[in-house]
2 protein chains.
Amino acid sequence: MSKALNGTGQISAGTRQRILAAAAETGFKPNELARSVFERRSYTVGMITTDSFERFSVPVMLGAEDALGAGRISVFLCDSRDDPIREKHYIDVLQGRRVDGFIVTGRSSNVRQPLTVEPGTPVVYALTPSADPTDCSIVVDDAAAGRIAGEHFLRMGRSRIAHVTGPEHFDAARERASGLQDALAAAGTSLIAPTFYGGWGEEWGRQAGQMLLRAHPDVDAIYCGSDLVARGVGDSMRELGRHVPRDVALIGTDNWEIVATGARPPLTTVDTGLSEVGRIAAERLLDAIAGRQHAGIERVAPHLVIRGSTDSTGAA
Amino acid sequence: MSKALNGTGQISAGTRQRILAAAAETGFKPNELARSVFERRSYTVGMITTDSFERFSVPVMLGAEDALGAGRISVFLCDSRDDPIREKHYIDVLQGRRVDGFIVTGRSSNVRQPLTVEPGTPVVYALTPSADPTDCSIVVDDAAAGRIAGEHFLRMGRSRIAHVTGPEHFDAARERASGLQDALAAAGTSLIAPTFYGGWGEEWGRQAGQMLLRAHPDVDAIYCGSDLVARGVGDSMRELGRHVPRDVALIGTDNWEIVATGARPPLTTVDTGLSEVGRIAAERLLDAIAGRQHAGIERVAPHLVIRGSTDSTGAA
DNA sequence: CTGAAAGCGCTAACAG
DNA sequence: CTGTTAGCGCTTTCAG
């Protein structure tokens, strides 16, 4: 009897107990599907990632799944592989299952085309904002990431600062660069050299480190667009006789734990708060499902994780 | 009308077309939930991971999701965080949603307690086999991984072979070690030193590399239990004046692309075929749902990916 | 406060 | 071949 199980309707405490006991004994489990048919909602959301759960979407998903699970909502997992056909397929299937909403995530922080869903189905974009500014998007505050890194260098007294990062066509790369420049400008200084745009991997870090040192042997601090780049840069510094952090301080980005802590010295890095992005996205989606729509792009503040590459008192 | 949409029952081609057209025009989407209530199954499975989607469970999940999606089955995502309470909670919720089955995965290859589910609900274990041998488990063939690495070293003419790997309490570590020993024994030789059990990270690799070189300066090949260990070992080799692969050849494990390819030289590594594990697990689950139960532990063959750390003709 | 009845959207079986 | 009906398991409403 649903009245007993849900405590709804009018029923006496006595019979309620009796029914509950009987249910427990029988091992009765209500069929949530049937309830969903009646309620016209499924307490279920679809999470669509475009990038096969690379290291960026995973923390976002985890944060989202966590927040959603607390609201007793289950999560459907979909890997669209950046393929519009697959994406449409998943949307169709999940709408057939009457999901209450969608969270869309992916690797890049560049804008993406909005999802085409049944009108009334809420969608929240995490990490990759929707091109439609009236959609709800949660992203990393990349400018703040650059600023934080710059301020930390200034605070530790470094002044000959350089920046090595990913390809220029990534919004994230350009915004971090401008955040860093802003921080330096606010202190009346500027980058020792134009930003080195290139790639996100170790190899680019090594190359850029060498180029940088050749052009500016007196560099004393380098902000890197990823932890991998930072490792590559660090390797090249050591090879060319520079000590990290004494001669050159290094800050990475991502706080990819296993990479950052495995480095020698462990990397100080800007944690972009991806699981926070996921958590907030989930909350916004829950709000939207409850009828409280959010609109616009919300930027999540990153934070600095200090380790040996900027702190000589820390681990070697 | 369901007859038209599903092509079931008896209906003329004419009216069928007419109904289909009307449905397309209206944008009609059948409610799969209602169908599921009737069918008593949901075309949905639960994927439970114990380890928050570390790099081991992600490829497994991807492989599984891929195979399941082809069978038009959606996947519920659950992160139990190795917490029995959370696990039970997820199982209850998903059984309430009448999932057709479960796939359980996690980081370690050690056996785990079987899931407690409603009788009749199929469960397949991926990566972490069930303690119950009548359950269906798909795992990596770790002994084969060790064998493959050993045979590759022998083939390239190395004979003073060592092994640095993770903690001894991991089944995977011990089995790879014994597989490697078997391969050497088959060629009438043996390890130059007892297996170095320790950890899975770079730091352990560096330590072990130093210890190894001190005790056995003439070592010419090292099989490592993870790509991170291999990187650590490689770093220590170079620091102590050994060239990789000329003086010492290196094989890692996992084929964690970004780590293996970012190394200098890029790492030859044993790919443990995790997405294959996931794919097969999904197929076995589909079979079980269809009434064809599988039982026992199935081992998936790993394969070698050759890069510069064993091949001096390759990248430097 | 209780039990019966109607309906959520679908499918199968059934007369017409 | 067609349209109607009963029923999947649940919740809500409405007489008793």
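Calculation rules
Residues numbered from 1 in each chain as written. Chains lettered and ligands numbered in written order. Predicted model: local features only at pLDDT ≥ 70, side-chain atom pairs only at ≥ 80, totals over all residues. Heavy atoms only, no water. Contact = heavy atoms within 4.5 Å. Buried area = accessible area lost by both parts, 1.4 Å probe. Salt bridge = Lys/Arg side-chain N within 4 Å of Asp/Glu carboxyl O. Polar contact = N/O pair within 3.5 Å; in protein donor to acceptor, adjacent residues only side chain to side chain. Helix = DSSP H or I, 4+ residues; strand = E, 2+ residues; numbered from the N terminus. Nonpolar A, V, L, I, M, F, W, Y, C, P; charged D, E, K, R; others polar. Pairing = 2+ DSSP bridges. Least-squares fit on C-alpha atoms with pLDDT ≥ 70 in both. Axes fitted to C-alpha atoms, helices over the stretch in contact; angles between N-to-C directions. Parallel < 35°, antiparallel > 145°, perpendicular 65-115°, else oblique. Left-handed = near helix turned anticlockwise from the far one by under 90°. Domains from an automatic or database assignment. Buried < 20%, exposed > 50% of the residue type's maximum accessible area, 1.4 Å probe, protein only. Expected span 1.5 Å × (residues − 1).

So, about the interface of chain A and chain B. Residue-level contacts link 50 residues of chain A with 50 residues of chain B. The largest per-residue losses of area from chain A upon contact with chain B belong to Lys29, Leu33 and Arg97 of chain A, which jointly make up 16% of the total buried on that side. For Asp66 of chain A, the salt bridge identified is with Arg81 of chain B, shortest N-O distance 2.3 Å. Our count for the chain A to chain B interface comes out at 26 residue pairs in polar contact (both at pLDDT 80 or more). Sorting elements by how many residues they give to the side of chain A that touches chain B places helix α5 (residues 84-96) of chain A first, with eight residues. Residue composition of the side of chain A that touches chain B, grouped by class: 21 nonpolar, 10 polar and 19 charged. As defined by bridge partners, strand β2 (residues 74-79) of chain A adjoins strand β2 (residues 74-79) of chain B across three bridges and the pair is classed as antiparallel.

We now examine the relation of the copies chain A and chain B. Its rotation angle being 180 degrees, the transformation that places chain A on chain B also includes 0.0 Å of axial translation and leaves an RMSD of 0.1 Å. When the rotation and shift are considered jointly, the pair of chain copies conforms to a two-fold rotation axis. In terms of C-alpha distance to the rotation axis, chain A has Phe76 of chain A as its closest residue, with the C-alpha 2.3 Å off the axis. Comparing interface residues between copies, 100% of those in chain A also lie at the interface in chain B; the contact surface is shared.

What follows covers the sheet that holds strand β6 (residues 161-165) of chain A. Residue and element names in this part refer to chain A. Within the open sheet, the six strands sit side by side as β7-β6-β8-β9-β10-β12. Their pairing is mixed. Because the sheet does not close on itself, it has two edges, and the strands there are β7 (196-197) and β12 (303-305). Taken together, the three bridges between strand β8 (residues 221-224) and strand β9 (residues 249-253) define a ladder with parallel strand orientation. Counterpart to Ala221 in the pairing with β9 is Ala249.

Below, the discussion takes up the packing of helix α6 (residues 142-155) of chain A against helix α7 (residues 171-186) of chain A. Residue and element names in this part refer to chain A. Where α6 meets α7, the closest approach of the two axes is 6 Å, and the angle between their N-to-C directions is 40 degrees. Classified by the interaxial angle, the pair formed by α6 and α7 is oblique. Of the two elements, α6 crosses α7, and the hand of that crossing is right-handed. Along its contact with α6, which presents Asp142, Ala143, Ala145, Gly146, Arg147, Gly150, Glu151 and Leu154, the element α7 presents Ala172, Glu175, Arg176, Gly179, Leu180, Ala183 and Leu184.

A word on the domain arrangement of chain A. For chain A, the assigned domains are domain 1 (1-30), domain 2 (38-140 + 274-301) and domain 3 (142-271). The distance between the C-alpha centroids of domain 1 of chain A and domain 3 of chain A comes to 62 Å.

Time to look at the packing of helix α3 (residues 32-39) of chain A against helix α3 (residues 32-39) of chain B. Two elements in contact, α3 of chain A and α3 of chain B, have axes separated by 9 Å at closest approach and are oriented at 140 degrees. Like other packed secondary-structure pairs, α3 of chain A and α3 of chain B cross with a definite hand, here left-handed. For the pair α3 of chain A and α3 of chain B, contact is made by Leu33, Ala34, Ser36 and Val37 of chain A and by Leu33, Ala34, Ser36 and Val37 of chain B, respectively. Its residues placed into classes, the contact of α3 of chain A with α3 of chain B shows six nonpolar, two polar and no charged.

All right, on to the side chain of Arg307 of chain A then. Residues and elements named next belong to chain A. Position of Arg307 among the secondary structure elements: in the segment after β12. Residue classification places Arg307 among the buried positions, given a relative accessible area of 14%. Apart from the residues within four sequence positions on either side, Arg307 is in contact with Asn255, Glu257, Ala260, Thr261, Pro266, Leu267, Thr268 and Thr269.

A separate point is helix α9 (residues 227-239) of chain A. All names here are of chain A. If you check α9, its first and last C-alpha atoms are 18 Å apart, about what 13 residues at 1.5 Å a residue would give, namely 18 Å. Along α9, 10 of the 13 residues are buried, which leaves the element largely enclosed by surrounding structure. Taken as a whole, α9 has its buried residues at Asp227, Leu228, Val229, Ala230, Arg231, Gly232, Val233, Gly234, Ser236 and Met237. Among the residues trailing α9, Gly241 stands out with phi positive, at a value near 85 degrees.

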